[in-house]
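Chain and residue survey
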Amino acid sequence: MTSARLPVVRVADYALDGIAATLGAVTPEQGGALLGIPGSDTVTQFVHDRSADVTSVRYHNTDWLIQEINQVERRTAARFKGIIHSHPRGMPYPSGQDRSEFARSLELNTALTRYLAPIVTHDVTTALDGHELVLDGCRMSFFGASQSESGLRLTPMRPVVLPVRRALTRAGFTAVDEPALITVGDSAMLGTTGEIGGLGLVTILFGADYPATAPLVFLGESGPIPLDWELGVPGEDRLERVVGRLRSRPAKVPLQARSAGLLSPALADRRVLVVGAGSVGSYLTEVLARSGVGAFTLVDPEEVAAENLGRSAYRVDDVGTPKVEALARLVRAVNPAAEVAGYAAALDGLPIEDLAKLVEGCDLVVAATDDNQAQGRLDHLAYWFGKPAVFPALYRGAEGGEVIMVAAGLPCWGCSTGGVRAATAEQESPLRRTDYGTGRLIAEPGLLVDIHHVSSVAGKLALGLLHPDSEDVAAMRFAAGVRERGANYAVFANRPDYWIFASVLADTYGQYAYQSIWLAPSRDEACPVCGEQEGRTDPTAYTAEAPGADLLAAYRREAAPGE
Ligand SMILES: [Zn+2]
Ligand SMILES: [Zn+2]
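Rules used in this analysis
Residues numbered from 1 in each chain as written. Chains lettered and ligands numbered in written order. Predicted model: local features only at pLDDT ≥ 70, side-chain atom pairs only at ≥ 80, totals over all residues. Heavy atoms only, no water. Helix = DSSP H or I, 4+ residues; strand = E, 2+ residues; numbered from the N terminus. Contact = heavy atoms within 4.5 Å. Areas by Shrake-Rupley, 256 points an atom, 1.4 Å probe, with all protein chains shown as cover. Donors = N, O, S within 2.8 Å, 3.2 Å for Na, K, Ca; no water. Tetrahedral: all angles 85-135°; square planar, octahedral: opposite > 155°, others 65-115°. Buried < 20%, exposed > 50% of the residue type's maximum accessible area, 1.4 Å probe, protein only. Salt bridge = Lys/Arg side-chain N within 4 Å of Asp/Glu carboxyl O. Phe/Tyr/Trp six-rings, centres within 6.5 Å; stacked < 30°, edge-to-face > 60°. Lys NZ or Arg CZ within 6 Å of the ring centre and 35° of its normal. Pairing = 2+ DSSP bridges. Axes fitted to C-alpha atoms, helices over the stretch in contact; angles between N-to-C directions. 1 Å grid on protein atoms, 1.4 Å probe; cavity = no way out; pocket = protein on both sides within 12 Å on 5 of 7 lines; lining within 4 Å. Points joined across faces, edges and corners; volume = space filled by probe spheres on them. Nonpolar A, V, L, I, M, F, W, Y, C, P; charged D, E, K, R; others polar. Domains from an automatic or database assignment. Polar contact = N/O pair within 3.5 Å; in protein donor to acceptor, adjacent residues only side chain to side chain.

Helix and strand content of the protein: 15 helices and 24 strands. Contacts in the protein between residues at least 24 apart in sequence constitute 65% of all its contacts with a sequence separation of at least 6. Accessible area of the protein: about 26100 Å², with a carbon and sulfur share of 52%.

Quick look at the coordination of the zinc ion (ligand 1) now. The protein atoms donating to the zinc ion (ligand 1) are H85 (NE2), H87 (NE2), D98 (OD) and D98 (OD), with metal-donor distances spanning 2.0 to 2.5 Å. Viewed at the metal, the four donor atoms of the zinc ion (ligand 1) are separated by angles of 56 to 149 degrees, and the geometry they form is irregular. Read from N- to C-terminus, the donor residues coordinating the zinc ion (ligand 1) fall into the pattern H-x1-H-x10-D. Linking H87 in the loop between strand 4 (79-86) and helix 3 (96-108) with D98 in helix 3, this pair joins segments that are eleven residues apart in sequence. Side by side, H87 and D98 carry an identical accessibility label, which is buried.

Turning next to the pattern of salt bridges. Side chains that differ in charge, positive against negative, can pair when their charged atoms come close. A complete count under the given rule lists 19 salt bridges for this structure. Measuring nitrogen to oxygen at the nearest pair gives 3.5 Å for the salt bridge that ties D363 to R270. One end of the pair, D363, is in the loop between helix 8 (352-360) and strand 20 (364-367); the other, R270, is in the loop between helix 5 (238-247) and strand 17 (271-275), and 93 residues separate them in sequence. A salt bridge links R477 to D472; its shortest N-O distance comes to 2.9 Å. We classify D472 as exposed; its relative accessible area is 63%. Residues joined by salt bridges that share partners form a network here, namely D13, D17, R165, R166 and E178.

Under the defined criterion, the tally for this structure stands at ten aromatic pairs. Both rings, one in Y210 and one in W229, keep their centres 5.9 Å apart while their planes meet at 45 degrees; by these two values the pair is tilted. Of this pair, Y210 sits in the loop between strand 15 (200-206) and strand 16 (216-219) while W229 sits in the loop between strand 16 and helix 5, and the two are 19 residues apart along the sequence. Taken individually, Y210 and W229 each receive the classification buried, so the pair is uniform in this respect. Through successive ring pairs, a cluster of aromatic residues spans Y395, Y498, W499 and F501. One Lys or Arg, K460, reaches over the ring of F478 and ends 4.6 Å from the middle of that ring.

Consider a sheet: its strands pair through backbone hydrogen bonds, and that pairing is either parallel or antiparallel. Reading across from one edge, 19-18-17-20-21-22-23-24 is the order of the eight strands in this open sheet, with mixed pairing throughout. The open sheet is flanked by strand 19 (339-343) and strand 24 (516-519), the only strands paired with a single partner. The mean angle between the axes of side-by-side strands here comes to 15 degrees, regardless of whether they run parallel or antiparallel. Where strand 22 (residues 400-406) meets strand 23 (residues 489-493), five bridges bridge the pair, whose relative direction is antiparallel. Bridge pairing links I404 to Y489 in strand 23.

Time to look at the layout of surface pockets. The calculated volume of the largest pocket comes to roughly 1200 Å³. Put simply, the parts of the chain that give the lining of the largest pocket at least two residues each are helix 5 and helix 7 (323-334). With five residues, helix 7 is the largest single contributor of residues to the lining of the largest pocket. Residue composition of the lining of the largest pocket, by class: 16 nonpolar, four polar and eleven charged. The two domains that each donate at least three residues to the lining of the largest pocket are domain 2 (164-247) and domain 3 (265-559).

By the secondary structure assignment, D123 is in the loop between strand 6 (119-121) and strand 7 (132-135). Separated by 3.1 Å, the side chains of D123 and T125 make a polar contact. In contact with D123, not counting residues within four places along its chain, are R89 and R139.

A separate point is the coordination of the zinc ion (ligand 2). In the first shell of the zinc ion (ligand 2), the protein supplies C412 (SG), C415 (SG), C527 (SG) and C530 (SG), at 2.2 to 2.3 Å from the metal. In terms of primary sequence, the donors binding the zinc ion (ligand 2) are separated according to C-x2-C-x111-C-x2-C. Using a relative accessible area of 0% as the deciding quantity, one classes C412 as buried. Classification of C415 by relative accessible area gives buried; the value is 2%.

In short, geometric facts, not functional conclusions.
Shown next, in the form of structure tokens:
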């Protein structure tokens, strides 16, 4: 039989090392147990029967070994696979007496379909067969015993080394213990935790077909990191390559290296609540993360669809993943130190107590939903808890848009939109014409550049609002100027002669497109959100059955008093 046609037995290299260091180092006959992956001819552990009587001519396992096997089976997912023992020189195969013991073991261990029974000898000079290997002056000849109709069948098996220890050593990994077999979903994996210089605490899980497939690598407490597993590289080099690349990653990303004096490192301690992770929300999250904002809470009920890729921050790998999860991945890819919490839910799908906690726990709200009711609800909560907020929105076709900045002392979003709507009523207004409630850019055609143009202003305001008052950097002055003027409602024209821009800027030299006008809406003293203190209502008092209903009714009355 050629070796290629022999059944394969996979053996972890550290188990082979253990065999060579014990059975291989002493006079026959000695032995030990093999344990491994249930239902597979894979050996992941060797237990030396060290208390066996060495004066005896023939090896017979001890009660101590049986107890050890039971212990390993209790502690790990590894299961008993068979017994390896040594023979005198010139006998690299099981004896007649061995065969009858194999048969007895198969009867006792009914879960075993194949009993692994390799023989160790010290003959390393004769040519090796396909079922043999030599390691450290020790020859291992692999056999498997199984029951058949005609009695015991003994089959030579081709050993394939699972190079786990070799790979770990080359990667500079210092483990405390040998890897242990654990259950991951439906399969068993070899897990080990240790240190790698420059990476700290690392946990690695190897599959039985390693190094054909990539291991799972966990750094610290974070989830498995995506690895570029190069199949073109020799198997024993792959882990070393991966570790080399991980090591060359900066421990801390200097995100503000090119914005010193404009932004403050204090942003690393700030948390932004982003509601709506579509074109606007995903863009703003990425911008804020790259600017050094350290924590995000993301809320969006949808999954990434292929159609989103042309107009958002998502990638092909994200399709089918909840947007909040994909966006969290993007943030961590930019800044591994960032803290991201995601809620794959619609705003009205969150209990009001939870939503209130999210708003209260953040430093700024980005309200980027397509839903006026949700925007109004966020407005009320943010105002109530004294959190600044930005409300970016695109008009039909993304030909124009608006950004409303709300902070203490400024009119709320409801007052701002209501006031501007009334003030522009005589104009040919996109707000008026398309019904403000549904005129936003949902599945509308619109260019990503136009969406970014409007969103980037929201981003700049957000960066300013996020700085604590104790700081003094340029980004703060931009938002502060808006506050001083009370002009918290910016409208944008993304094409020439758009809406009010055509008439307002008619006599201004050099106009074409991408202008902005900063409007100063007035506050309604009776507004339940931003009006006189005693007239304000508690947004957390809304019931989950009718989210934001009071507010919306109030907003509608206020926005269209004549209707
Ligand atoms: Zn024997
Ligand atoms: Zn108001």
